[in-house]
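Commentary on secondary and tertiary structure
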Amino acid sequence: MADSTSTDVPAELKRKMDEAISRYPKEHRRSAAMPLLHLWQEHFGFISDDGVLWIAAKLGLQPINITELVTFYPMFRQKPVGKTHIRVCRTLSCAMAGSYQLMENLCATIGIERRPHGDGMHNPISVSADGNFSIEFVECLASCGTAPICMIGETLRENVDADSIADLLRNQTSNIKHRTSPHPLEHRLIFKNIGREDWTTDIDCYLRDGGYEELKQALAMSRSEIVDKVKNSGLRGRGGAGFSCGLKWSFIKPDEKRPVYLICNADESEPGTFKLEGILISCFALNARTAYIYIRGEFPEGAKILEHAIEEARQHNFLGRNILGSGFDVEVYIHRGAGAYICGEETGLIESLEGKRGYPRIKPPYFPAVLGLYMCPTIVNNVETLCHVKHIIAMGGVNYARLGRPNNTGTRIVCVSGDVQRPGYFEIEVGAVTIGQLIYEMAGGLKPGRKLKAIIPGGSSAKVLRAGERFKLKQKQPDGASIEREMSIDEIPMDFDSLAAAGSMAGSGGVIVLDDSRDMVWALNNINEFYAHESCGQCTPCREGSLWMQKITDRMLRGGGVTEDPKTLKSIGGNIAGRTICAFGEACAWPTQSFVEKFPEEFAARAQKPVPPALPPEYTPEELIEAESIQTVPMAHDPGWEKAGAAGII
Amino acid sequence: MSDQNPSSQPMLNVQIDSVWHQFPKGTRIIEACEQAGSYVPRYCYHKKLSSPGNCRMCLIEMGFPRLGPDRKSELGADGKPLINWMPRPQISCAQDVAEGIGVRTNSPLVKECQRGVMEFLLINHPLDCPICDQAGECRLQEFSVDFGTSQSRFLEHKVKKPKNAVLGPRVTLDDERCILCSRCIRFCQEIAHDDVLGFVDRGSYTVLTAHPGKELENNYSLNTVDICPVGALTSTDFRFKMRVWFLKETKSICTSCATGCNTIIGTREDVIYRQTPRENDAVNSCWMCDYGRLNFKYLEAKKRLLEPQIRREGKLVHTDWSTAIAQAALQLKQFSGTEIAIIASGRMTNEELWLTVQLAQSLGTHYIDIVPRRGRGDDILLSEDRNPNTNGARLILGSASEPGANLLAIADAVKSGQIKALAILKENTMHLGVPLERLAQLPVFIAMNILSNEATEKATVVLPACGFVEKRGSMINGKGRLQRLNRAVRPPGNARDDWEILRDLIQAVGGGDSLLSIDDVFRRIGETVPQFAGLTFSKIGDLGVQILQMEELPPTHPSDEEKIEQAVAIQARRRAVRSEST
């Protein structure tokens, strides 16, 4: 079957594919669909119809099962690209830093006339006539702190200057730089070593710094001891929802008969190798024999580093069979995503890992801890959360809990982007820094002469906070009593509970700063475009609502706003939030709801036209029934019309 | 199925719209609400398929019993538990009832949710109801009336998607009407075991399709049209033929195999427009195969026998019924029982078979049997036995051997010339292995059938009869269930109801007494066949009655079919030899 297609598949590629298939349980070969598609695309440049048929046959699937994936994940291409393929990030932070100008300049330089994306997501790639270049706008490349960014081939290019395109194209090396010295307000746990002169990503460097010591300690403990430590540490998930990690772990029954899986959700950021040790400790605590690291498809470098780290750890017997003589077997595999934001949702991620479209599952009944990967108990933890496990073992749960504030323990990586002087990553004790300190001290303040307009404190889905707002926050005092304080936006501490009390959320830790030069309708339209593009399309409110909201804000931007638009926008948001399968519903509704709510004057200014009359006239059934009693006035006697006629309007 | 045996399961108390009800464990909330009289609208949920929970139309408010400090539920003034309502609406299609839960199906929040979902579903919908085949039985239309609003706030361009897409030989898709509920995809995966449909692209641009070059062509493809809640999937055969509200619906059964799927026949003014499955968990769940569904077209064929005919001076000529019956009786009575044979059909109803037995008795013949009919079955619905009433023949012909076992002996007797008079009822002689020339030489050859064929051309009397949609009657399916056929259309021309033809023939040959209606016939069967005792047509009901446990029945003889095939092969060889020698 597999050879019935006309494409010649080289033996080396076949070998790699077989190796990829071997990473998943035999009865779940379908999971290998995405790895195989990646391999095919790396080799052939795109996924032809032959490729679909070949992979389907290889995995014993129907061709439609593969077509479903190729068209769901934006990274998979069905057509050839140019010799050099350029991906430009168009999401908010990059757009604010000029990525649309960058796109324009790039197109002019490489000779591409980009078609306006009239029908959204269908074939967004434009290829130059000579076939040397191709270009596309993509959604967030997860380096908002160094915006604008683009990927040239597989190389990430940060802080791109839109005016020196020639340099950008000539110089093919990555320009990623890490800040070496931490800011005094930082508390580096996870980023302890990043940026140090002699720091490398290999295991020798890691071992010199005391790597895998905590794994050794953990293997000597009982499983419940580790779970208790994590519970005591008060560690909350770093993915967005802020759910207690220890509580999540305790959902796995100690006497579970089915295989237990741990999934590391690295569908976003990439903070170093600590996570591998954290994963191994967590696997041991959960009695999980297999862990998968789901890493964003846009991080080919990160995936390579991780593959290498796993190989080295295997050589040192930190993973594999009978690790460090403990009798515990554990395997860790990398699974690359392919550019779908929804796969950051834990059940969407599980579906994706099973080789399907990343459609989140309904909960109940599909709580991952009960019916997760392959319908087995599964813990999905954010990569940053897992990194902390190592430090909890090292410090002890109670000591770790002393970091940060009560119920908001530990450190947290926040990424400041947008209109600040020094955007970037900062690792802070949760709640030890206020928004004001973060912006004005750590991120170097606003650009000269600018005033703060708004802050999105936890990724683009978090509700926006307006400068000048007063917030009433209850704060716990060290003696346990809580008092209510009124404060400005600058005084809000960066922790889960305070930001929630302020009506937003800590979310993913991505802080976007907007100054007074920004048009809030434009900003919202950019966010809406992201969510309309990333909605998986499974459930009705989010699928239809996200695109509708985007179409409205787009029309408003182009001068077609009608008076009802702000009201309609808010009510669409209300009809999505809380009524969808997953939290994406809130994620796409909150920006619209909060932008329109907090900046009514800007939206009203762009919504001036009268609502066009409905055609044909619509009546409620009651009105139709009562139609006979409605007085009909001949049009000529309508005073309004007469006046209009006199004024020469009609 | 759960309500068939409620006593074995614990009953749970559930409050629905302020009234407490009891349901067996395992009842879906959405089903419980419906049973309690509070219908919850739904698109993606189908009780025979898995629940993806994607349409969000069945959102309800739900709550759990409020627990006091002693962990026991607090009771209200009415002595019933108080309920803590969850702030977020929940879908009712994916959760089973639990003890003490509360459900609100018509609260302001629920209504707001329903209005919201309806609006979302319609913004990109083409609203082409006037030319849509689904109009009149469309959930979007129905729920718009019940749960939607009369206005649209949508001012943008709608998303464009493929229209008129041919998904397979029998199904046409309009993607713009599709609400992406995934019922069809799940049906193909879970019931038809043919994973051929899927979604491509993403978000609001998502499109239902089959992989290019692959078709939705399995034998169950038209069920996707039935379960499509909107006008996206349409039957290529039925498309644009008739507005559904003009269709008269007649409950009946499919007669294309021994499964006997329950059906609704849609007709208007004696024309059949479509056949759709009717739910019966004891027979066909909610499905039927495409072969059975479309197997009514032959009734409108050009070859349809419309007039009784008799052979006069070597030619078949039209006549009236009394002449045809008198002629047939006269011809048959010339011979003694040992010279007469009757070949009946497993496609005949119990009543027709019983009358056939009466005819045989009047004529004194023992040569009577049906023609077995076999094909490849599947593990879904299609049975290997393509006769719908083999079990009826078993009971009513009352012979010791399997239906069809005497067929070879009869054929031999015809060939040897022992049989002088042959009556063939609703069957094609090609199954008999008797050459046409031999049949043409028979002094008496009476053919009762629907369509003309090579054999009816050779008959001495031709009696035009009814198809399965044109008559009443009963049949026993392969699992021993007695079911009813109902008349959906009148027979064309001068074709007559089979039972009346047989009754008149019996009376003309001098046997039998007055049978005024088919109900009389049914009652008479009950007097001789114990399994029918005490039953009437109305007692059979729409869903049938189980009257046979299949263990009671003798095992089928697969060799019957082989024997016939062998005989036919031998016959063919002989003919070939003969044609060479001449």
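Rules of the game
Residues numbered from 1 in each chain as written. Chains lettered and ligands numbered in written order. Predicted model: local features only at pLDDT ≥ 70, side-chain atom pairs only at ≥ 80, totals over all residues. Helix = DSSP H or I, 4+ residues; strand = E, 2+ residues; numbered from the N terminus. Buried ≥ 20, exposed ≤ 12 C-beta atoms within 10 Å, placed from the backbone. Contact = placed C-beta atoms within 7 Å. Pairing = 2+ DSSP bridges. Axes fitted to C-alpha atoms, helices over the stretch in contact; angles between N-to-C directions. Domains from an automatic or database assignment. Nonpolar A, V, L, I, M, F, W, Y, C, P; charged D, E, K, R; others polar. Core = buried A, V, L, I, M, F, W, Y, C linked by C-beta atoms within 7 Å. pLDDT = per-residue confidence, 0-100. Left-handed = near helix turned anticlockwise from the far one by under 90°. Arc of directions from axis to C-beta. Parallel < 35°, antiparallel > 145°, perpendicular 65-115°, else oblique.

**Some remarks on the overall build of chain B**
The number of helices and strands found in chain B is 16 helices and 24 strands. For chain B, the C-alpha atoms occupy an extent of roughly 95 × 55 × 40 Å along the three principal directions. Residue burial in chain B is summarised as follows: out of 582 residues, 49% are buried. Within chain B, counting contacts between residues at least 6 apart in sequence, those at least 24 apart form 66% of the total.

**Notes on the overall build of chain A**
Of regular secondary structure, chain A possesses 25 helices and 18 strands. Within chain A, buried positions represent 52% of all 650 residues. Of the contacts made within chain A by residues no fewer than 6 positions apart, 68% connect residues no fewer than 24 positions apart.

**What about the sheet that holds strand β9 (residues 378-382) of chain A?**
The strands that make up a sheet are held in pairs by hydrogen bonds between backbone atoms, and each pair lies either parallel or antiparallel. Residues and elements named next belong to chain A. Strand order in the open sheet formed by 4 strands is β8-β7-β6-β9, and the pairing between neighbours is parallel. Because the sheet does not close on itself, it has two edges, and the strands there are β8 (331-336) and β9. Averaged over neighbouring strand pairs, the angle between their axes works out to 20° when direction is ignored. In this structure, strand β6 (residues 261-266) lies alongside strand β7 (residues 290-295), joined through 6 bridges in parallel fashion. Its bridge partner lying in β7, leucine 262 is registered against alanine 291. Against the sheet, helix α14 (residues 346-353) touches β6, β7, β8 and β9, its axis set at about 110° to β6.

**A closer look at the sheet that holds strand β11 (residues 233-235) of chain B**
All names here are of chain B. Across the sheet, 3 strands lie side by side as β7-β8-β11; this open sheet has antiparallel pairing. Because the sheet does not close on itself, it has two edges, and the strands there are β7 (165-166) and β11. Looking at chain direction, β7 and strand β8 (residues 171-173) are connected through 2 bridges and run antiparallel. Residue alanine 165 lies in a different strand from β8, and its bridge partner there is leucine 173.

**A short note on the domain arrangement of chain A**
Residue and element names in this part refer to chain A. Partitioning chain A into structural domains gives domain 1 (11-72), domain 2 (84-170) and domain 3 (210-402). For domain 1 and domain 3, the distance between their C-alpha centroids amounts to 25 Å. Contact residues are listed per partner, giving 13 residues for domain 1 and 10 residues for domain 3. At the level of secondary structure, the elements contributing two or more residues to the side of domain 1 that touches domain 3 comprise α2 (33-44) and α4 (63-72). The leading source of residues in the side of domain 1 that touches domain 3 is α2, at 4 residues.

**Side note on the domain arrangement of chain B**
Per the domain assignment, the segments making up chain B are domain 1 (2-106), domain 2 (124-299) and domain 3 (309-557). Between domain 1 of chain B and domain 2 of chain B, the contact holds 11 residues from the first and 15 residues from the second.

**Points about the interface of chain B and chain A**
If you look at the interface, chain B gives 40 residues, while chain A gives 45 residues. For the side of chain B that touches chain A, the secondary-structure elements that each account for two or more residues are α2 (108-123) and β9 (197-200) of chain B. Looking at the side of chain B that touches chain A, the element that brings in the most residues is α2(B), giving 6 residues. Partitioning the side of chain B that touches chain A into residue classes produces 19 nonpolar, 12 polar and 9 charged.

**As for the nonpolar core**
Of all hydrophobic cores here, the largest spans 331 residues; its most connected members are A:Ile263 and A:Ala291. Sequence-distant contacts of A:Ile263, defined by excluding residues within four places in its chain, comprise A:Ala291, A:Tyr292, A:Tyr294, A:Leu349, A:Leu353, A:Leu373, A:Thr378 and A:Val380.

**A few points about the environment of B:Arg490**
Residue and element names in this part refer to chain B. Relative to the helices and strands, arginine 490 resides in the loop between β23 (481-485) and α13 (498-508). Classification of arginine 490 as partly exposed rests on a count of 13 C-beta atoms within 10 Å. Distance from arginine 490 to serine 538, taken between C-alpha atoms, is 21 Å for residues 48 residues apart in sequence. When near neighbours in sequence (up to four residues on either side) are disregarded, arginine 490 contacts Asp270 and Glu470.

**Things to note about the confidence of the model for chain A**
As a note on interpretation, predicted positions should not be read in detail where pLDDT is low. Per-residue confidence for chain A averages 88 on the pLDDT scale, and 89% of its residues sit at or above 70. Confidence, expressed as mean pLDDT per element, reaches its minimum in chain A at helix α25 (residues 639-646) of chain A with 43 and its maximum at helix α21 (residues 565-576) of chain A with 97.

**Topic: the packing of α2(A) against helix α3 (residues 49-59) of chain A**
Geometrically, a packed helix pair is captured by the angle between its two axes and the distance between the axes. All names here are of chain A. Two numbers describe how α2 lies on α3: the axes approach to 11 Å, and their chain directions differ by 145°. Between α2 and α3 the crossing geometry is right-handed. Of the residues in α3, those touching α2 at Ala33, Leu36, Leu37, Trp40 and Phe44 are Gly51, Ile55, Lys58 and Leu59. Considered class by class, the residues forming the contact of α2 with α3 number 7 nonpolar, 1 polar and 1 charged.

**Examining the confidence of the model for chain B**
Residues and elements named next belong to chain B. Overall, the prediction assigns chain B a mean pLDDT of 91, with 93% of residues at 70 or greater. For residues 554-560, every residue scores under 50 in pLDDT, and the model assigns this stretch 8 contacts once sequence neighbours within four places are set aside. Our summary of model confidence lists the complex with pTM equal to 0.91 and ipTM equal to 0.91.

**Examining unusual backbone geometry**
Most peptide bonds take the trans form, and the phi angle of most residues other than glycine is negative. Residues and elements named next belong to chain A. Here the amide bond leading from lysine 363 into proline 364 is cis, since omega sits at 0°, within 30 degrees of zero. By the element assignment, proline 364 lies in the loop between α14 and β9. Cis geometry marks the peptide bond from proline 364 to proline 365; its omega dihedral reads 5°. Assignment of secondary structure puts proline 365 in the loop between α14 and β9.

**Some points on α13(B)**
All names here are of chain B. Summarising burial for α13: 9 of the 11 residues are buried, a large majority. Listed in full, the buried residues belonging to α13 are Asp498, Trp499, Ile501, Leu502, Arg503, Asp504, Leu505, Ile506 and Ala508. Taken together, the buried residues of α13 touch α7 (321-333), α8 (350-363), β20 (444-449), β21 (461-464) and α14 (518-528). Downstream of α13 by one or two residues, glycine 510 has phi in the positive range, about 100°.

**Focus: α14(B)**
Residue and element names in this part refer to chain B. Residues Ile518, Val521, Phe522 and Ile525 constitute the buried set of α14. What you see down the axis of α14 is that its buried residues fit within an arc of 100°, all on one side. Against the buried residues of α14 lie α8, α9 (390-397), β22 (473-476), α13 and α15 (537-540).

**As for the environment of A:Pro254**
All names here are of chain A. Summarising the element assignment, proline 254 is placed in the loop between α11 (245-250) and β6. According to the C-beta neighbour criterion, proline 254 is exposed, with 11 such atoms within 10 Å. Distance from proline 254 to arginine 336, taken between C-alpha atoms, is 30 Å for residues 82 residues apart in sequence. In this structure proline 254 touches Arg223 and Ser224, once residues within four positions along its chain are discounted.

**Quick word on the packing of helix α10 (residues 223-233) of chain A against helix α15 (residues 383-395) of chain A**
All names here are of chain A. For the pair α10 and α15, interaxial distance at closest approach is 10 Å and the crossing angle is 100°. Judged by the angle between their axes, α10 and α15 are roughly perpendicular. Of the residues in α15, those touching α10 at Lys229, Val230 and Ser233 are Val389, Ile392 and Ile393. Counted by class, the contact of α10 with α15 contains 4 nonpolar, 1 polar and 1 charged residues.

**Brief notes about the pairing of strand β1 (residues 84-89) of chain A**
Put simply, side chains in a regular strand alternate between the two faces of the sheet. Residue and element names in this part refer to chain A. For β1, the tally of buried residues reaches 5 of 6 residues, placing the bulk of the element in the interior. When β1 meets strand β3 (residues 133-138), the two strands line up parallel, connected through 6 bridges. For histidine 85, the partnering residue across the bridge sits in β3 and is serine 134. Relative to strand β4 (residues 150-152), β1 is paired through 3 bridges, and the arrangement is antiparallel. Counted as the bridge partner of valine 88 is cysteine 150 from β4.

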